[in-house]
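Commentary on secondary and tertiary structure
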Amino acid sequence: MNTEYSDYTRRLERLLEVCRILSANLEIEPLLQSIIEMASELTNSNASYILIYDEEGACLRHIAGPWYQLEMLQTLAVPLERSILGWVYSHNEPRVVQAGEDHRLYTALKRELGGETVSLLAVPMIFRGTTIGVFAAANKARDYTEEDLTILETLASQAVIAIRNEKWLGQAQAAYEKAMELDRMKRDFIAIVSHELRTPLGVVLGHASLLAETCAPEEKADLDTIVRNALRLREIIQDFADLDKFERGFGKLDLKPVDMSQLVRQTAALFSDLAKDHQVEMLVQAPKTRLMLEGDAEKIAIALRNLIKNAITFTDPGGRVVIGVEAIPGYIKVTVLDTGIGIPQEEQQKIFERFYQVEKHMTRRHGGLGVGLSIAKELIELHGGRIWVESEEGVGSRFLFALPLNRAQAAAAGQVFQTKPAKPGQ
């Protein structure tokens, strides 16, 4: 009795050791091969097998077995009906065939396992209440015991985890590859659209401008409409172009000294005509003294242009847009304030997402792709800065961004922003 107990304890210890080893192995084929070899060793069987249900063929198919049999076994389709292993799968119960039982069982097992079989222990492989296959050990010199059943069920659970993990990894990889392909197609589409539309649009604008100089007074209104809408289309194409640049490596900084007072004044001046067209008063509050930082002037200007354009676009005639810049400890802060339509509280956390548009019906009235704010956010954060919004619906909005003075400050800011959500200078 002590000898039997000692042998069972040894096998349990070996089983525990095997489970630890198997949990560290992520390659599915060698892992399953190790599992069936351990099953044969711990149950004193000549061979072990793993069969998985094939939904397409409505049968069981071998995915692991003795290496010298596996190629042949993988050609076998084990039906669920009139088969011993199919019975285990369908009834979700273990099955034992001991040596000396009805010889017709041996004939069935030979057909299912591809070789002479005189005894069998088979258990269902279960994942979250669903049977996915069968684990079997065959040809033990003595009868199979309850201890053998426990060992086989434990190893079957290890095999199930490995198989499901492999399936999930495969699905995740397929989803990742699909997402990457869609992303590539999106980038290509953006690049093609922004490139191919520029030339015909330039021709339309050129001819429309030429005709506007020589047309009769009664035709000028129609030509102004053409020019106005062509310019609007050009802005959309520019949004595409900026997005394409960022996707294809525009996210690299060319750091040089930047006078933010001058940059704010120059950028705001670009929108004087747009402000007049919208009957919006635009004010610039920039000190005459230089406010210097280390940054990429072109990319900062793109971010600021998007904020100013948004502010003017969403401000009704008679409203006001104020652009300000000031130095705060370690940063330079830029503010774009408007007296426009405002942003609902529940939308304010989403407006910096790419292609997200607040109040779809209002956005359609005002136009735009919904990429300007996302590009601004990416460019400001590329500098180690932060951008945020304060808004009240029906009153107006204030967009702010803070840029660190230099690389050292940007590195320090990265740590601060990760742990402290408060905005600089607030």
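Residues numbered from 1 in each chain as written. Predicted model: local features only at pLDDT ≥ 70, side-chain atom pairs only at ≥ 80, totals over all residues. Heavy atoms only, no water.

**Concerning the packing of aromatic side chains**
Here is the rule: Classification of ring pairs rests on two measures: the distance between centres of Phe, Tyr or Trp rings, Trp counted by its six-membered ring, which must be within 6.5 Å, and the angle between planes, read as stacked under 30 degrees, edge-to-face over 60 and tilted in between. Secondary structure elements are defined from DSSP: runs of H or I of at least 4 residues count as helices, runs of E of at least 2 residues count as strands, and each element is numbered from the N terminus. With a 1.4 Å probe rolled over the protein chains alone, any residue whose accessible area is under 20% of its type maximum counts as buried; one over 50% counts as exposed, and the rest are partly exposed. By the criterion adopted, a ring carries a charge over it if an Arg CZ or a Lys NZ lies within 6 Å of its centre and within 35 degrees of its normal.
Per the counting criterion, the structure on display carries 3 aromatic pairs. When the centroid spacing of 5.0 Å and the interplanar angle of 20° are considered together, the rings of Y53 and Y89 count as stacked. Pair noted here: Y53 is in strand β1 (residues 45-54) and Y89 is in helix α4 (residues 84-91), with a separation of 36 residues, a long-range link. Under the relative-accessibility criterion, Y53 is labelled partly exposed at 25%. Where F352 meets F399, the ring centres are 6.2 Å apart and the plane angle is 85°; that geometry is what we call edge-to-face. Of this pair, F352 sits in the loop between β11 (331-338) and α12 (360-366) while F399 sits in strand β13 (residues 396-404), placing them 47 residues apart in sequence. For F399, a relative accessible area of 6% translates into the label buried. Across the ring face of W87, the terminal group of R95 is positioned such that the distance to the ring centre comes to 5.3 Å. Directly above the ring of F127 sits R164, whose terminal nitrogen or CZ lies 4.8 Å from the centroid.

**Some points on the environment of L293**
Using the following cut-off: Throughout, a residue-residue contact means that at least one pair of heavy atoms, one from each residue, lies within 4.5 Å.
Its place among the elements puts L293 in strand β9 (residues 292-295). Of the residues examined, L293 reaches a relative accessible area of 4% and is grouped as buried. Among all residues touching L293, those that are not within four sequence positions of it are K256, P257, V258, M260, I300, I332, L403, P404 and L405.

**With respect to the sheet that holds strand β8 (residues 281-285)**
Basically, it comes down to this: Strand pairing is assigned whenever DSSP identifies at least 2 bridges connecting the two strands. Lines fitted to C-alpha atoms define the axes here, with helix axes fitted over just the stretch in contact, and angles between the N-to-C directions of these axes take values from 0 to 180 degrees.
A sheet is described by the order of its strands in space; here 5 strands give the open sequence β8-β10-β11-β13-β12, paired in mixed fashion. Two strands lie at the open edges of the sheet, namely β8 and β12 (386-392), each paired on one side alone. Taken over all neighbouring pairs, the strand axes of this sheet differ in orientation by 15° on average, direction set aside. Pairing between β11 and β13: 8 bridges, direction antiparallel. Bridged to V334 within β13 is F401. Along the sheet, helix α9 (residues 260-269) makes contact with β8, β10 (320-328), β11 and β13, crossing β10 at roughly 170°. Most of the contacts of helix α13 (residues 372-382) go to β12, to which it runs at about 140°, and overall it touches β12 and β13.

**Some details on the packing of α9 against helix α11 (residues 297-313)**
Heads up, the condition is: Should an angle lie under 35 degrees it is considered roughly parallel, over 145 roughly antiparallel, and from 65 to 115 roughly perpendicular; all remaining angles are considered oblique. Crossing handedness is read from the near helix: turned anticlockwise from the far helix by less than a right angle, it gives a left-handed crossing, and turned clockwise, a right-handed one. Under this grouping Gly is polar, as are all residues other than the nonpolar Ala, Val, Leu, Ile, Met, Phe, Trp, Tyr, Cys and Pro and the charged Asp, Glu, Lys and Arg.
One can describe the packing of α9 onto α11 by two numbers: an axis separation of 10 Å at closest approach and a directional angle of 45°. Our classification of the angle between α9 and α11 gives oblique. Relative to α11, the crossing made by α9 is right-handed. Contacts between α9 and α11 involve M260, L263, V264, T267 and A268 on the former and, on the latter, A297, I300, A301, L304, R305 and I308. In the contact of α9 with α11, the residues fall into 9 nonpolar, 1 polar and 1 charged.

**Topic: the packing of α11 against α13**
Contact geometry for α11 and α13: axes closest at 9 Å, N-to-C directions at 145°. Like other packed secondary-structure pairs, α11 and α13 cross with a definite hand, here left-handed. Where α11 abuts α13, its residues K299, I302, A303, N306, L307 and N310 lie against G372, L373, I375, A376, L379, I380 and L382. Across the contact of α11 with α13, the residue classes break down as 9 nonpolar, 3 polar and 1 charged.

**Notes on the side chain of H62**
Put simply, the rule reads: Nitrogen and oxygen atoms within 3.5 Å of one another constitute a polar contact, given that in protein one can donate a hydrogen and the other can accept it, and given that sequence-neighbouring residues count only through two side-chain atoms.
Within the secondary structure, H62 is located in strand β2 (residues 59-64). Within the structure, the side chain of H62 is placed 3.4 Å from the backbone oxygen of L73, a separation counted as a polar contact. The contact partners of H62, leaving out residues within four places of it in the chain, are Y49, I50, L51, L73, Q74, L76, V78, E112 and L113.

**Observations concerning the confidence of the model for the chain**
Interpretation of the predicted coordinates at a detailed level should be avoided for regions scoring low in pLDDT. This is how the line gets drawn: A score between 0 and 100, pLDDT records how confident the predictor is in each residue.
Taken over all residues, the pLDDT of the chain has a mean of 80, while the share at 70 or more is 79%. Low confidence marks residues 360-366, where pLDDT is under 50. Its contacts with residues over four positions away, or in another chain, come to 8 contacts. Across residues 418-426, confidence stays below pLDDT 50; counting only partners more than four residues off in sequence or on other chains, it has 12 contacts.

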